[in-house]
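Reading the structure
These are the residues of each chain, in order.
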Amino acid sequence: MKFLSKNTDLINNRLIYNIFGIRIKRKINKENVKNKIKEIEILIKNNKEKNIFLLQDYLGADCVECIDAYSLFLYLKSINEEAYYVCLKSSNLYKKLSLENKLDGIIGLEKYTKESTVEYLDTIKEILAKTKFFIVSFDNKSNEFSKFCKNNKYFTYIFLQHGVCFFKESVFQKKFLSKKKFNKYLISNEKEKELFITHGFKENSFIKAGLPRWDLLKIADNEAQKEILIMFTFRNFKNKEIIENSIYKQNIEHLINNADLIELLKEKNIKLNLSLHHMITENKQFEIVNDNINLISPLEVSQYIKNSSLLITDFSSVAFDFMFLNKPIIFYLLDYKDKNLHKFDREDMEKMLKKSKEIPNIYLNETDVITKIQYYMKIIYFAILIEYENE
């Protein structure tokens, strides 16, 4: 008779044992991570040469386009700094670089979870031993590793934002941006610095350098195209059912199927690109009768930022990419009247409305949005026509 049967399934990061039908949970991984960190600390202390820039993008599910830390990695390589970039082998970027034989300085991981932190540390330990700056665009999943990075006196742990936070102050309330997590924060301008300080950050916490991905956008061919990008940011929905029945979804659907918009797109031969936020991409049940619409993946959005002449958003930070490229933006707070909005979303929209004296084109209804689209599309259409005739 077996008194102890071992079930090796990982549930909530714990190993489950069944003893006489009673489930006992035993924590795993923390000790292993601590031991690995101690090993790496010894390597770091014994290595006097600290000259490496180690950069890391999003290492979760393959639902985010990784161009933030990668853009800075390219710049550092171009000025002959020793830099390494970490990403998942399953990411679109790694696959592309592999096909192009451009993997110099690229560290590909099979996976990255709390359970795989030790393997991850093993992969980069020799590089960590010489690291001067560790730069990430998303927080690490392992708390032990994050604490090690923050408290390590041998290198500076820098947070590279993947979007200006000026429109979404809820990132501070949710602790996504916390003064306890990193040594330094890369910011875009003085206004953003003021915002950080308002939320308790110290004067010496910042590196004011703009967003590295803006350089990547600048390199591209940014000639005006007859394309519109619609990209609304996520909402704090509790589950998929709420998304399905939300005013947010209903008004996106209503906008993209607006009869006046469809007529304009056909008349001017304009393409409409819709990018759903990666947090809701699993919910794709949008009814679309508009033949000129193109549902695009969040993994490819940068190419549409480059090519589109106009952005329609609510308070997505991608607006700053368009501002950088000097392209027009229409802000549509499409679910402002939803009484069931999460308090964070409500606060972000209220702050947007207060900024309407500084920022043009903030609207609460679809009619005003369509009118403004028509205005911009006529200008863009004629600009392209004149350019074509002058060739």
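Please refer to the structure higher up on the page.
Presented here is an overview of the structure given in this document. (Residues numbered from 1 in each chain as written. Predicted model: local features only at pLDDT ≥ 70, side-chain atom pairs only at ≥ 80, totals over all residues. Heavy atoms only, no water.)

Let us now look at the pattern of salt bridges. Per the counting criterion, the structure on display carries 19 salt bridges. In this structure, the salt-bridge partner of Glu39 is Lys125, at a minimum N-O distance of 3.0 Å. Here Lys125 lies in helix α4 (residues 117-128) and Glu39 lies in helix α1 (residues 30-46), a separation of 86 residues in the sequence. We classify Glu39 as partly exposed; its relative accessible area is 32%. Among the ionic contacts, a cluster of salt bridges with common partners joins Lys36, Glu39, Asp122 and Lys125. (Salt bridge = Lys/Arg side-chain N within 4 Å of Asp/Glu carboxyl O. Helix = DSSP H or I, 4+ residues; strand = E, 2+ residues; numbered from the N terminus. Buried < 20%, exposed > 50% of the residue type's maximum accessible area, 1.4 Å probe, protein only.)

A separate point is the sheet that holds strand β6 (residues 106-109). Two orientations exist for strands paired in a sheet by backbone hydrogen bonds: parallel and antiparallel. Read across the sheet, seven strands follow the order β6-β5-β4-β7-β8-β9-β10 without closing on themselves; strand pairing throughout is parallel. The sheet is open, and its two edges are formed by β6 and β10 (206-208), each paired on a single side. In this sheet, neighbouring strand axes are inclined to one another by 25° on average, regardless of whether the strands run parallel or antiparallel. (Pairing = 2+ DSSP bridges. Axes fitted to C-alpha atoms, helices over the stretch in contact; angles between N-to-C directions.)

Once that is clear, we can look at the side chain of Glu366. Tracing the backbone shows Glu366 in helix α15 (residues 366-389). As a buried residue without a salt bridge, Glu366 has its nearest oppositely charged side chain in Lys337, at a separation of 12 Å. A polar contact of 2.6 Å, which involves the side chain of Glu366, links it to the side chain of Asn258. If we ignore the near neighbours within four places in the chain, the residues touching Glu366 are Asn251, His254, Leu255, Asn258 and Tyr332. (Lys, Arg positive; Asp, Glu negative; His and termini not counted. Polar contact = N/O pair within 3.5 Å; in protein donor to acceptor, adjacent residues only side chain to side chain. Contact = heavy atoms within 4.5 Å.)

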